[in-house]
Amino acid sequence: MAVKILIAGGFGVGKTTMVGAISEVEPLSTEEVMTVAGVGVDDLDGIADKGTTTVALDFGRITLDEDLVLYLFGTPGQERFWSMWDDLAVGALGAVVLVDTRRLDASFGSIDFFERRRIPFVVGVNQFDGVIEHTEAEIRTALDLDPHVPTVMCDVRQRSSCREVLLALIDHLAAQVPDEPLEAVR
């Protein structure tokens, strides 16, 4: 079974890094050097060293077992590229919303996008160099997450950590459709 999954979140939360860390194939990336065109448009607060940005999408693939292959589509993070999200979401079974606890407000738009479209998602709390500025309860409250939305602490630079986030999403999807073959993934 092939499943389309979106990797979303605000600007600079680690979407491209996650796709690159977990993909079993050379990921397709549309990372481009940031230019003066983004000055005053892209909010670099908290990510001042960021020098590149995704301008269309990232793509990767991971085989979780012989019966389940995930096709990962990383979304661009800046609001000016969000018009592509509707097209990227077509056919997606679920999503990972990556969160940076230093900039929780950058996640509101992503969470709202999936809630409005009723696309199931999990929240991956990316631990930049082990830094977690808030507890899980504080994060859930700040993001106004429904109780059924899983949160997973992760480091998207680590393949095993990315895998745990994706397995949490698969479990979340399986819980919504009882007695489906997805339950056998674990």
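Our subject is the structure listed above.
The sections below set out a description of the structure shown in this document. (Residues numbered from 1 in each chain as written. Predicted model: local features only at pLDDT ≥ 70, side-chain atom pairs only at ≥ 80, totals over all residues. Heavy atoms only, no water.)

**Structural notes on the overall build of the protein**
Of the regular secondary structure elements, the protein holds five helices and seven strands. Listing each helix as α and each strand as β along the protein from the N terminus yields β-α-β-β-β-α-β-α-β-α-β-α. Per-residue burial over the protein gives 48% buried out of 186 residues. Put simply, of all contacts in the protein between residues at least 6 apart along the chain, 72% involve residues at least 24 apart. (Helix = DSSP H or I, 4+ residues; strand = E, 2+ residues; numbered from the N terminus. Buried < 20%, exposed > 50% of the residue type's maximum accessible area, 1.4 Å probe, protein only. Contact = heavy atoms within 4.5 Å.)

**Section: the pairing of strand S6 (residues 121–126)**
In terms of burial, S6 is a largely internal element, six of the six residues being buried. Taking every second residue as pointing to the same face, both faces of S6 are buried, with Phe121, Val123 and Val125 on one and Val122, Gly124 and Asn126 on the other. The sheet contact formed by strand S5 (residues 92–100) and S6 spans six bridges and is parallel. Paired with Ala95 across the strands is Phe121, a residue of S6. (Pairing = 2+ DSSP bridges.)

**A closer look at the pattern of salt bridges**
Tallied over the entire structure, the rule returns six salt bridges. A salt bridge links Arg102 to Asp100; its shortest N-O distance comes to 3.0 Å. Of the residues examined, Asp100 reaches a relative accessible area of 1% and is grouped as buried. Bridged by salt links that share partners, the residues Asp100, Arg102 and Arg103 form one connected network. (Salt bridge = Lys/Arg side-chain N within 4 Å of Asp/Glu carboxyl O.)

**Section: the nonpolar core**
Grouped together as the largest cluster of nonpolar side chains are 27 residues, with contacts concentrated most on Ile5, Ile7, Met18, Leu70, Leu72, Val96 and Leu166. For this core, the elements supplying multiple residues, two or more each, are strand S1 (2–9), helix H1 (15–22), strand S3 (52–65), strand S4 (68–74), S5, strand S7 (151–154) and helix H5 (159–176). Apart from the residues within four sequence positions on either side, Val96 is in contact with Leu6, Ile7, Ala8, Met18, Val122, Gly124, Val165, Leu166 and Leu169. Within the second largest apolar cluster, 22 residues are counted, among which are Ala89, Ile111, Phe113 and Val123. (Core = buried A, V, L, I, M, F, W, Y, C linked by side-chain atoms within 4.5 Å.)

**So, the packing of aromatic side chains**
Considering all chains together, one arrives at six aromatic pairs under this definition. Where Phe59 meets Tyr71, the ring centres are 6.0 Å apart and the plane angle is 15°; that geometry is what we call stacked. Remark: Tyr71 occurs in strand S4 and Phe59 occurs in strand S3; sequence separation between them is 12 residues. Judged by relative accessible area, which is 30%, Tyr71 ranks as partly exposed. Between Trp85 and Phe113 the ring centres are 5.2 Å apart and the planes differ by 85°, which places this aromatic pair in the edge-to-face class. Of the two residues, Trp85 is situated in helix H2 (residues 85–89) and Phe113 in helix H3 (residues 108–117); the sequence distance between them amounts to 28 residues. Residue Trp85 is classed as buried on the basis of its relative accessible area, which comes to 2%. Three or more aromatic residues joined by ring pairs form one cluster here, namely Trp85, Phe113, Phe114 and Phe121. (Phe/Tyr/Trp six-rings, centres within 6.5 Å; stacked < 30°, edge-to-face > 60°.)

**A word on unusual backbone geometry**
Backbone geometry places Arg118, a non-glycine residue, at a positive phi of 55°. Of note, Arg118 is situated in the loop between H3 and S6. Judged by its relative accessible area of 78%, Arg118 falls in the exposed class. You will see that Asp144, though not glycine, has its phi angle at about 55°, which is positive.

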